[in-house]
Amino acid sequence: MTDYHFVYKDVEGASTQWDDIQRKLGNLPEKPPAFKPPPFAPAPDPDSLPKDKAWLDSKNEDELEDLEDDLDDDRFLEEYRKKRLAEMKEAAKVLRFGSVVPISGSDFVREVSQAPSDVWVVVILYKDGIAECGVLMQCIEELATRYPATKFVKIISTDCIPNYPDRNLPTVLVYNNGAVKGNYVGMRSFGRRCTPEGVALILCQSDPVLNDGQNRNEQSREAVIEGVRRKFIEKVVVDHEDRDDDGSSSD
């Protein structure tokens, strides 16, 4: 016998007129919406993106050099490109150190006393085997990488000053323009806890000794200290978060 109750469906699952009548009577649920694929959006072409200051700031020196022909029609961006290139080349000239360089007694005059007048030189007098020297040296090494426009050197104490007493070690001397600007004898000069941030604040008590090389003009003491304090706060926050993570993982 033929099944007269069979209902044909279309390709999208939508019902026939009979189902529509049943829905109006409340005998069938509402028809689900027809499937529609999301609209196709092609990936943006990098060359078609607007070229502004932020776009230029993301380029390195080689990429800026290559853009010379592309920006000929845009006078503002071409001038800004030239300015960025000049700033990057100037910064490259300033960032000339970045580590603690060992020197001997015969190097002292050339490396320290005769350093350029715009360069601050931090000298650490030390001896191997003295624990306090090792602690301070770790702080100095971190500062040397953080402030690459400041020159950091280390020298064995008796190579610098004959018969210099070990009880005075470590000693830090700060030079600028051939003159001693600071003299810090022993670990007591840097407080009970010797940290890079604490050493940085001591070094900048009276002069802008530390320079990260990001500012082409001479930095003020206040600007340097503000930067050191900001880094100190950031480190305290990170250390606190790390301790919290360690505590939660052990529970």
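Residues numbered from 1 in each chain as written. Predicted model: local features only at pLDDT ≥ 70, side-chain atom pairs only at ≥ 80, totals over all residues. Heavy atoms only, no water.

- As recorded in an unreviewed UniProt entry, the protein goes by the name Phosducin domain-containing protein, listed as coming from Arachis hypogaea.

**A short note on the overall build of the protein**
- Along the backbone of the protein there are nine helices and five strands.
- Reading the protein from its N end, one meets helices and strands in the order α-α-α-α-β-α-β-α-β-α-β-β-α-α.
- Burial analysis of the protein (251 residues in total) assigns 33% to the buried set.
- Counting contacts in the protein only where the partners sit at least 6 residues apart, residues at least 24 apart contribute 61% of the total.
- By element, 50% of the accessible surface of the protein is carried by carbon and sulfur atoms, the whole surface being about 17000 Å². (Helix = DSSP H or I, 4+ residues; strand = E, 2+ residues; numbered from the N terminus. Buried < 20%, exposed > 50% of the residue type's maximum accessible area, 1.4 Å probe, protein only. Contact = heavy atoms within 4.5 Å. Areas by Shrake-Rupley, 256 points an atom, 1.4 Å probe, with all protein chains shown as cover.)

**Here we look at the pattern of salt bridges**
- On inspection of all chains with the given rule, the structure shows six salt bridges.
- Note that D166 is salt-bridged to K127, the shortest N-O span being 3.1 Å. Taken together, the positions of D166 in the loop between α7 (157–160) and β4 (171–176) and K127 in the loop between β2 (120–126) and α6 (131–146) put the pair 39 residues apart, joining distant regions of the chain.
- On the basis of relative accessible area, D166 is assigned to the partly exposed category, the value being 39%.
- Each of D107, R110, E111 and K151 takes part in a single network of salt bridges with overlapping partners. (Salt bridge = Lys/Arg side-chain N within 4 Å of Asp/Glu carboxyl O.)

**Regarding the pairing of β2**
- Counting buried positions along β2 gives seven out of seven residues, so the element sits mostly inside the fold.
- Along β2, one buried face is formed by W120, V122, I124 and Y126 and the opposite face, lined by V121, V123 and L125, is buried too.
- Sheet topology places β2 next to strand β3 (residues 151–156); six bridges connect them, and they run parallel. Note that in β3 the partner of Y126 across the bridge is I156.
- Traced from β2 through α6 to β3, the parallel crossover comes out right-handed. (Pairing = 2+ DSSP bridges. Right-handed = clockwise from strand over helix to strand, strands pointing away.)

**Here we look at the packing of aromatic side chains**
- Tallying each qualifying case throughout the model produces two aromatic pairs.
- Aromatic pair F108 and Y175: ring centres 5.6 Å apart, planes at 75°, arrangement edge-to-face. Placement of the pair is F108 in helix α5 (residues 108–113) and Y175 in strand β4, with a sequence separation of 67 residues.
- Aromatic pair Y184 and F190: ring centres 5.9 Å apart, planes at 45°, arrangement tilted. Both residues of the pair, Y184 and F190, belong to the buried class. (Phe/Tyr/Trp six-rings, centres within 6.5 Å; stacked < 30°, edge-to-face > 60°.)

**A look at the nonpolar core**
- Counting 43 residues, the largest nonpolar core has V123, L136, V199, L203 and L210 as its most contacted members.
- Listing elements by their share of this core, those giving two or more residues are α5, β2, α6, β3, β4, α8 (196–203) and α9 (221–250). (Core = buried A, V, L, I, M, F, W, Y, C linked by side-chain atoms within 4.5 Å.)

**With respect to the sheet that holds β4**
- The five strands are arranged β1-β3-β2-β4-β5 in an open sheet whose pairing can be described as mixed. The open sheet has two free edges, formed respectively by β1 (100–102) and β5 (179–185), since each of these has just one partner strand. In this sheet, adjacent strand axes meet at a mean angle of 25° when their direction is disregarded.
- Bridge count between β1 and β3: three bridges; the pairing is parallel. In the sheet register, V100 faces β3, and the bridge partner there is F152.
- Together, β1, β2, β3 and β4 form the strand contacts of α6, whose direction differs from that of β2 by roughly 160°. (Axes fitted to C-alpha atoms, helices over the stretch in contact; angles between N-to-C directions.)

**Quick notes on helix α1 (residues 17–24)**
- Along α1, the positions that sit buried rather than exposed are D19, Q22 and R23. Along the axis of α1, the buried residues cluster in a sector spanning 100°; they form a single face. In α1, the exposed positions that point more than 90 degrees away from the buried face belong to Q17, W18 and K24. (Arc of directions from axis to C-beta.)

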